Every structure is written in C-alpha cells, then in structure tokens.
Amino acid sequence: MSEEFKIKSLSDFRIYNRIAYGLLIVLTLLVRGSEITKSTYFLLYYLISFVVLLVLDETVFKPNRSKLSALTFQIRICLFVGVVCFGAALTMLPPVFLGALLAYIFFILAEDMFFSDAFNTMFNYLKRFSLGLYAGIMLFVVQYSSQIKGVWMLLSIEAALILASVFVLSYAFYYRAIYFLDDRYTRLYFRNADMIAENKKLMNFQERVEKVNNEINYQKINLTKANDDLAKINEETRSLIDVMKYFSASFDVEKNAHYMLSNVVNIKETGAVALFIDKNVYMNEEPYLEVISENTVAETLLRQDIYNIYEAIKKRKSLAPLVLCDNYDFKYPFLTGGNMCNAVVFPAYENDYIYGVMVVTSSKYDFFENGYAFYESSIMDFTSALISDRLYLQTEDMAKKDGLTKIYNRIYFNQFYPELKEEVAKSGDTFTVCMLDIDHFKRVNDTYGHLAGDEVIKAVAKVDNDFAKKYNGTAVRYGGEEFLLILRGKGVEETLGILKEMHEIIKGNVVEFEDYRINVNSSMGIACYPETCSDINDVLDRSDKAMYYSKEHGRGRITIDGREGE
C-alpha cells in the first residue's frame, strides 16, 4: 500500500482505536460493577492497561506523522497482545470479557497487517503463530488450568493451537487477498497505462487529424478566395478587353474617357472616380474633367481639388500611384471633409510626361487591399487609345482645316454645310452666314510679298475664329482671302452687332512683317434664314452677293442681304 493511503488512514484508525478502548474500559467497569468478577486486581490491571495502550496508540497514530515505521507496528503488536493476555494469568476472566479480548487482539493484528510493508515472510508467519500460541496459552491453558484436570487439559492446548492457527490463517488469507488485489491492480495499472498510451496516441492522431482538417479548411478558404480573386481578375480582364474594343471603334477622346470611368465604377464599385486631362493634349484647347460619383459631396470635392492634385502629381515627378487617404488617414490636404475612407491618384502619362490624373475614392475600409493593377491598366489602356485618337484627330484636323490659318477649310465646309442646313431646316432655327473678304489683298501681296500676305490672312482668320468660338459659331477659310462666319440661332440685328465689333477689330489690327506695318480692312456681307432669305439653300449665295456689294460700293463696310441701299 502506498504511503499516502496509509497516512490518510491514520486519522480513521485513531477514531477506531478510541472507540475500541472506550468500549473495553466500559466493559471492564460493567464486568466489575455487575460482580461477574469481584477481583479488584482485574479492575485495576485492565483499566490501567487500556488507558496506557490508548495513550501509546495516540502517539503511534498522531495526526502530524509523515511516515509509518514498520518496526513500530512490530513492537506494538507484540507489546499490546502481551499486555492484554498477561492479565489472564493473574485472575479469572469472565467469558464475555474473554471474547472481547480475542476481538481486540484480532483488531490489533488487523492494524499490523494493514500497515505492514513486508508480507509472505517466514518471520511474519512465526510471529503470528507465536502470538496466537501465546494468546491461546494465556487465555485458555493458563486461564482454565485450575478448572480442567488430566487429559482434558488437551482441550485448552488445542484451543491455544486453534487460536495460533487462526492467527496464521487470517494472515495468509489477508496476504492472499493483498497479493490478488495487488496483482489485479498491477494488471489494471498496466492496462490503464496501455490505455493511456493508446489514448495519448489517439489524441495525438486526433490532433494531427484536426491539424490536417484545419489545414484542409484553410486551403479550402484560400482556394475559395483564390477562385473568387481569379473570377474577379477574369471579370476585370474581360472588362478591360471590352474597353479596348470600344476604344478601337471610337476616336472620341471624351466618350472614351467616360466609358473607361464607367467601367471602373461598375467593376470596382467605387464611391467616386474622376479623370482630369490638361489642355492641348488631344486637340483640346481647355482642360477636360469628368466626375462620376454616388454623392454630390464627393463630386464637389473632386471638382474643387482636382487641379491642385494634378499640380502636386506633376511636382512629385513620379509615375507611381499616390495615396491621398488610407483608411481615413488623410496624408495630403485634398478631398478632406467628405465621407472618404480611401483615395488614390493614378497619374496619366505618355513617355514619362504626365498629362492628367485619375482619382479613385471609396468609403469602404481596405478598398485597395488587392492592389492598383486594374486602375493602372485602365489608365494605360486609355493612354494608348488617346495616342491613337490624337493621331486620328490630327490627321482629321489636317484634312478639315486650312494649313495656314488652322480654321476649317473649303473641303470640310462642303461636308458639314449640307448637314447643317438639313438640321436647321428641321428645327426651324435662325441661320446666318457672314462672308468676309480682305480689301486690296492683291496690293498687299504685290507691295510686301506673299509672306506678308500670309501674315495678313492669318491675322484675319484668327479674329474670325475668335468670334466663332465666342458666339458658338463656325469659322471657315472659303477662298484665298475670303472667310465665313456661320452663326446658328442669331438674327440679322444681333449678327450685325457682332460683325461691327469684328470689323472694328480687323480694321484696328496692324500686321507687322519685317520692317513693315500693314493696315488691314475688310468687306462683309450678311444673309439670314428666314429673315432675309426664305430658301435656306440660297443663304450662302446671298451672303456672297451682299459681300460683293460692299466691295463694289467703297469697301470697308457691312452689307445686309436685301438691304443693300442702307
């Protein structure tokens, strides 16, 4: 038995011993008090013996004992059995008390066996046989020697031998029980150890299985995310292909820009996106800006700050994207005040020259966690299309416009003028054609040379083009020194006021060529549909005739069709 079990049992045996000694003391007093025996010696001997034995047991089984001594219990059993049996030699014991003593001896023997650390030794067998024989002799042979004579004394001796045999047999039975239980405990222990080992293996296996399952689940999650990312990439790629197809079929830069921005919004679900293109990038004389936004605040902020953002990008001299705001952390003083969680600027560049910016914003957290590839691809595709569009526009512009004056030429006029007349006729708008001719232009060429004449033509063409832009009209170089100003939606009187201003600017314009200062004047004619001409097909011819009337009647004047005499 383990020391821990023995130590835990000490307190229980202290209680059992107290009960046993208490009962024996009470029994002693009862036997003497009932006068079953009248021996005062009996009373004194056993009272003193039981008290002394109780005190000794309290010492042996004291609560703070940390270890039990096998020798202590060897001495205890011999001493206690000797003391209680010795009293039988001094006086006659009543049968009831004799039975109590036998029970007490077996109790003491049981305690010795319980706390003994050595079993199945010859010494233990001899010790228990000797104690049993001693107790039997003292309790039976000596006790009844005066009452049984002759051969019947053998009964007492046989009783002593039986008691000794009972001691030995009880010890053997106890030992066998302990051996059997110990063997069973050992087998159960090792079986339990095997089960613990197997259980540990199973737990390790289970942990590995769980780890594998977790890894599989993790891989599934990664695979699902990879599939989602791949599907998203495929969607983005297809959308970029569609955008390129649209670019290839269109040479309108502004329509292409709108289509590209719409694709970014639809694919990425941005909060707002804006594209700014500087002037003179694709035949545009003014900067271009388009904003697509889900709320007016973001749109207002983009329109307000876009030019400053563009200037900051140009000063930075880097083609990499610029993060304006990262999860509500504004790194630059742009676009603040709106519900923008993220904002990034993507430079639009051609051969390291930054010509514009695309700004993408969102109110979503970690919006750009997958990178900028889609946005950079979009702006690069747009740049490629812009280069092609610009070449096309330049080629078209060369075909449409006069090489010297850069305003529309006669060839383009012959293309768009019939369409314009058709539109005006359907809409019922007012339609005015003004024809202008430079006065004494042949004299300029003859006097100053053709290069000087070219400078005069360019000066007049510039004034014509400026007024066309100012009043939403069209300027055309119709002949060598003849020009047209076509105005839609303006009547005779309004047009006359415009031409008077235009005439004064031409007249006051002095062309400087080499060392010469050349004064310029012009003759003009006006025809208006339907005010002066009921047939729209006659407007051009009538304006030409009105202009010739001005030339034939003094030059430097404006003539209105139908009102030549005024």
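Everything that follows concerns the structure shown earlier in this document.
Residues numbered from 1 in each chain as written. Predicted model: local features only at pLDDT ≥ 70, side-chain atom pairs only at ≥ 80, totals over all residues. Heavy atoms only, no water.

K.L.:
What is the right way to read the overall build of the protein from this model?
P.N.:
Secondary structure assignment for the protein yields 14 helices and 13 strands. Of the contacts formed within the protein by residues at least 6 apart in sequence, a portion of 67% connects residues at least 24 apart. With the model as given, the accessible surface of the protein reaches about 30700 Å², and the carbon-plus-sulfur share is 57%. (Helix = DSSP H or I, 4+ residues; strand = E, 2+ residues; numbered from the N terminus. Contact = heavy atoms within 4.5 Å. Areas by Shrake-Rupley, 256 points an atom, 1.4 Å probe, with all protein chains shown as cover.)

K.L.:
Just checking my understanding: could you explain the packing of helix α12 (residues 450-470) against helix α13 (residues 492-508) for this structure?
P.N.:
When two helices pack together, their arrangement is given by the angle between the helix axes and by the axis-to-axis distance. It is at 10 Å that the axes of α12 and α13 come closest, and there the two elements cross at 150 degrees. In terms of orientation, α12 lies roughly antiparallel with respect to α13. Seen from above, α12 lies across α13 with right-handed handedness. Residues Val460, Val463, Asp464, Phe467 and Lys470 of α12 pack against Ile498, Glu501, Met502, Ile505 and Ile506 of α13. Per-class residue counts for the contact of α12 with α13 are seven nonpolar, no polar and three charged. (Axes fitted to C-alpha atoms, helices over the stretch in contact; angles between N-to-C directions. Parallel < 35°, antiparallel > 145°, perpendicular 65-115°, else oblique. Left-handed = near helix turned anticlockwise from the far one by under 90°. Nonpolar A, V, L, I, M, F, W, Y, C, P; charged D, E, K, R; others polar.)

K.L.:
Honestly, the packing of aromatic side chains in this entry has me stumped. Any pointers?
P.N.:
Geometry of an aromatic ring pair is reported as the spacing of the ring centres plus the angle between the planes. Evaluation of the coordinates by the stated rule reveals 30 aromatic pairs. Here tyrosine 408 and phenylalanine 416 contribute two aromatic rings whose centre-to-centre distance is 6.5 Å and whose plane-to-plane angle is 45 degrees, an arrangement assigned as tilted. In this structure tyrosine 408 comes out as partly exposed when scored by relative accessible area, which is 25%. When its relative accessible area of 12% is taken as the criterion, phenylalanine 416 is described as buried. Ring centres 6.0 Å apart and planes at 40 degrees place the aromatic pair tyrosine 417 and phenylalanine 431 in the tilted group. Of this pair, tyrosine 417 sits in helix α10 (residues 410-427) while phenylalanine 431 sits in strand β7 (residues 431-438), placing them 14 residues apart in sequence. An identical accessibility class is assigned to tyrosine 417 and phenylalanine 431; each is buried. An aromatic cluster is built from Tyr21, Tyr41, Phe42, Tyr45, Tyr46, Phe50, Phe97 and Tyr104, whose rings are joined through pairwise contacts. Here the guanidinium or amino end of lysine 401 rests over the ring plane of tyrosine 408, the centre of that ring lying 5.5 Å away. (Phe/Tyr/Trp six-rings, centres within 6.5 Å; stacked < 30°, edge-to-face > 60°. Buried < 20%, exposed > 50% of the residue type's maximum accessible area, 1.4 Å probe, protein only. Lys NZ or Arg CZ within 6 Å of the ring centre and 35° of its normal.)

K.L.:
Would you explain the sheet that holds strand β1 (residues 272-277) in this entry?
P.N.:
Sheet strands associate in pairs through backbone hydrogen bonding, adopting either a parallel or an antiparallel arrangement. Pairing is antiparallel across the open sheet formed by six strands, whose spatial order is β2-β1-β6-β5-β3-β4. Whereas interior strands pair on both sides, the edge strands pair on one side only; in this sheet they are β2 (288-293) and β4 (329-330). In this fold helix α7 (residues 253-268) packs onto β1, β2 and β6 (353-362), with an angle of close to 25 degrees to the strand it touches most, β2. The strands that helix α8 (residues 296-316) touches are β1, β2, β3 (322-326), β5 (342-350) and β6; relative to β6, the one it contacts most, it runs at about 140 degrees. (Pairing = 2+ DSSP bridges.)

K.L.:
Would you take a moment to explain the layout of surface pockets for this structure?
P.N.:
In this approach the atoms are scanned with a rolling probe the size of a water molecule, which exposes any empty space left behind. Estimates place the volume of the largest pocket at around 770 Å³. If you go around the largest pocket, you meet 27 residues; those closest to its centre are Met283, Glu285, Asp397, Lys401 and Tyr408. For the lining of the largest pocket, the elements supplying multiple residues, two or more each, are α7, α9 (373-400), α12 and β8 (474-477). A per-class count over the lining of the largest pocket returns ten nonpolar, six polar and eleven charged. Space inside the second largest pocket adds up to approximately 430 Å³. Around the second largest pocket sit 20 residues that line it, and Lys232, Glu236, Lys268, Phe367 and Asn370 are the ones nearest its centre. For the lining of the second largest pocket, the secondary-structure elements that each account for two or more residues are α6 (153-249), α7 and α9. (1 Å grid on protein atoms, 1.4 Å probe; cavity = no way out; pocket = protein on both sides within 12 Å on 5 of 7 lines; lining within 4 Å. Points joined across faces, edges and corners; volume = space filled by probe spheres on them.)

K.L.:
Just to check I follow, could you spell out the environment of asparagine 327 for this structure?
P.N.:
Residue position: asparagine 327 is located in the loop between β3 and β4. In this structure, the C-alpha to C-alpha distance between asparagine 327 and phenylalanine 367, residues 40 residues apart in sequence, is 8.3 Å. Discounting residues that sit within four places of it in the chain, asparagine 327 has contacts with Cys341, Asn342, Tyr365 and Asp366.

K.L.:
Where do I start with the side chain of histidine 503 in this structure?
P.N.:
Structurally, histidine 503 can be placed in helix α13. Given the relative accessible area of 5%, histidine 503 is considered buried. Discounting residues that sit within four places of it in the chain, histidine 503 has contacts with Asn521, Ser522, Met524, Gly556, Arg557 and Ile558.

K.L.:
How do you make sense of unusual backbone geometry when you look at a structure like this?
P.N.:
Generally, phi is negative for residues other than glycine and the peptide bonds are trans, each holding for most cases. Here the residue pair tyrosine 529 and proline 530 is connected by a cis peptide bond, since its omega of 10 degrees sits within 30 degrees of zero. Inspection of the secondary structure assignment puts proline 530 in the loop between β12 (522-529) and α14 (539-552). Although it is not a glycine, tyrosine 328 sits at a positive phi angle of roughly 70 degrees. Among the structural elements, tyrosine 328 can be located in the loop between β3 and β4. Positive phi outside glycine occurs at arginine 555, with the angle close to 60 degrees. Relative to the elements of secondary structure, arginine 555 occurs in the loop between α14 and β13 (558-560).

K.L.:
Help me understand the side chain of arginine 390, please; the structure alone is not making it clear to me.
P.N.:
Within the secondary structure, arginine 390 sits in helix α9. Take arginine 390: its relative accessible area is 15%, and that puts it in the buried class. With sequence-adjacent residues up to four places away left out, arginine 390 is seen in contact with Val281, Tyr282 and Glu350.

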